[in-house]
Amino acid sequence: MLTKYFPSPYRSYPRHFVAYFVSVLYRRNHEAVERPHSVKKILLVNMGHMGDVILSLGLLRTLRETFPSAEISILVGPWNAEIVRISDSADETFEYFGSAWAKRTGRKSSFWHSIAQFKALRRKKFDVVISLHTSLFLLVASVLLRPDYFVDYGAYRVARRLARNSVPEPRDSHIHSEFACLLVQLGIPRPVHDPAIVLSDRAAVSTEGLARTWRASLKGPKILVHPFGAYPEKEWPIDRWGALIERLVASLSARVVITGAPGDKEKSIALRQECNVEIEDLTGQTSCSDLAVVIQNSDLIVTVDGGPMHLAAAIGTPVVAIFGPTDPKRWGPVTERAMVLYHPTDCTPCNYSSGCAQTPGCMEKTSVEEVLGAVRFLLSS
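Residues numbered from 1 in each chain as written. Predicted model: local features only at pLDDT ≥ 70, side-chain atom pairs only at ≥ 80, totals over all residues. Heavy atoms only, no water.

**Q** Explanation requested: the overall build of the chain in the structure shown.
**A** The helix and strand inventory of the chain stands at 18 helices and eleven strands. Here the analysis covers contacts within the chain between residues at least 6 apart in sequence; of these, 66% occur between residues at least 24 apart. (Helix = DSSP H or I, 4+ residues; strand = E, 2+ residues; numbered from the N terminus. Contact = heavy atoms within 4.5 Å.)

**Q** Teacher, can you tell me more about the nonpolar core here?
**A** Across soluble globular proteins, nonpolar side chains show a tendency to be buried alongside one another. Ranked by internal contacts, the top residues of the largest apolar core, which has 83 residues, are Leu63, Ile130, Leu186 and Leu311. Ignoring any residue separated from it by four or fewer positions in sequence, one finds Ile130 in contact with Leu43, Leu44, Val45, Leu63, Val151, Leu182, Leu183 and Leu186. Counting residues in each nonpolar core, the second largest holds 28 residues, with Trp236, Ile258, Val368 and Ala374 among its members. (Core = buried A, V, L, I, M, F, W, Y, C linked by side-chain atoms within 4.5 Å. Buried < 20%, exposed > 50% of the residue type's maximum accessible area, 1.4 Å probe, protein only.)

**Q** In this structure, what is going on with the side chain of Thr283? I would like to understand it.
**A** Mapped onto the secondary structure, Thr283 falls in the loop between β8 (280-281) and α14 (288-296). By relative accessible area, which is 4% here, Thr283 ends up buried. Of the polar contacts made by the side chain of Thr283, one reaches the side chain of Asp281; its length is 2.6 Å. For Thr283, the contacting residues outside a window of four places in its chain are Phe228, Ile258, Thr259, Gly260, Ala261, Asp264, Lys265 and Ser268. (Polar contact = N/O pair within 3.5 Å; in protein donor to acceptor, adjacent residues only side chain to side chain.)

**Q** I'm lost on a nonpolar patch on the surface in this one. Help?
**A** Nonpolar side chains collect at one region of the surface, where Phe17, Phe21, Val24 and Leu162 lie side by side and expose about 370 Å² of accessible area between them. For Leu162, a relative accessible area of 53% gives the class exposed. (Patch = residues over 30% accessible without salt bridge, like charges linked within 9 Å, V, L, I, M, F, W, Y side chains within 5 Å. Areas by Shrake-Rupley, 256 points an atom, 1.4 Å probe, with all protein chains shown as cover. Salt bridge = Lys/Arg side-chain N within 4 Å of Asp/Glu carboxyl O.)

**Q** Just to check I follow, could you spell out the environment of Asp281 for this structure?
**A** Secondary-structure assignment places Asp281 in strand β8. Its relative accessible area of 15% is what places Asp281 among the buried residues. Note: C-alpha distance between Asp281 and Val225 (56 residues apart in sequence) is 9.7 Å. Not counting residues within four places of it along the chain, the set of residues in contact with Asp281 comprises Ile258, Ser268 and Arg272. Among the polar contacts listed, one links the side chain of Asp281 to the side chain of Ser268, at a separation of 3.1 Å.

**Q** Just to check I follow, could you spell out the packing of aromatic side chains for this structure?
**A** In the structure shown here, the tally under the stated rule is three aromatic pairs. On the numbers, 5.6 Å between centres and 55° between planes, the contact of Tyr26 with Phe150 is tilted. A residue pair is termed long-range when its members are at least 10 positions apart, and Tyr26 in the loop between α1 (13-23) and β1 (41-46) and Phe150 in strand β5 (residues 149-152) qualify at 124 residues. Here Tyr26 and Phe150 have matching classes, each one buried. (Phe/Tyr/Trp six-rings, centres within 6.5 Å; stacked < 30°, edge-to-face > 60°.)

**Q** Sorry if this is basic, but what is going on with the environment of Arg330 here?
**A** Along the chain, the position of Arg330 falls in helix α16 (residues 328-331). Linking Arg330 and Ser173, residues 157 residues apart in sequence, is a C-alpha distance of 5.4 Å. Setting aside residues up to four positions removed in sequence, Arg330 forms contacts with Tyr153, Ser173, His174, Ile175 and Glu178.

**Q** Is there a simple way to think about the pairing of strand β2 (residues 71-76) in this case?
**A** Across a regular strand the side chains alternate sides, sitting on one face of the sheet and then on the other. The buried count for β2 comes to five of six residues, which makes it a mostly enclosed element. Between the parallel elements β2 and strand β3 (residues 92-95), the chain passes through helix α4 (residues 81-87) in a crossover that is right-handed. (Right-handed = clockwise from strand over helix to strand, strands pointing away.)

Quick look at the structure:
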């Protein structure tokens, strides 16, 4: 293995060790489930990407069933707030505009703005705080909220190495299983619900114009193609997407729509130039709720590892997912209606480190025929 393909894990360890020593103060976390009606307010902190937040939605559903009288809130980055709201998973959604996160969204932030956000959370007087993938500042802020029960993902990771017998072991290597172990620490028994999103009527009405795309479909299947990702290393070559779309239209009489973020418009133009068939391009035109409705009205989605893959799995739409730098055993879609195409190499999984080529060989190992076969299998079943 080449070390240049593996980003250093040690940059997260100082924060995780701090969280571990903080967690020593919360030895009685397991007692939370013994007094469910005393838990009035719960906060889940998740500053990850869309997929991370979707994978944590099952935790919210389990918390709702375990603490029926509790008000459940979630703190996320502004890019994920809409996903939480359309899922109706939380009673209240807070958006965190810390400096690092504001840079990603083009919004201004300051230390004092973060302090003001902390004060607003402090006034809520949360009884339970569950922290996932947070910064050191948010770790300290979570503790200063003075909850009765506090569990942290980083602390759990360290505890698995230092005190393995004192923490629950995940059922497999998937990140969702590790998230579930945090609830076990609160005394909540397994199993924890899988992520699921049932779109509200409000979301369906707001995207009525986009849904008509599918009503105009021919007799063939309605296939959504989301070829782009947050990292170029996770993307399949454009020429193969073009060949796949042509085969879908020719052999299945499929109606194909492609989607993507506003920053993917140039790549979507290149993809349309690769295709000799008519496709509808919604790149940069869909909000999260728009994308969710289009996915819900699709017969199948073909995509790479990313947020739309997890969104489709949570909605219940069949997924064909192409993996490369990331490990599907850890980041794959949590659904039985999915086929994952993955050809590991001697340097995978590498989690798309900066030393990798923009189009790594692991992605090129997946052929058009293989993807087409997976599409046929899922549609027939």
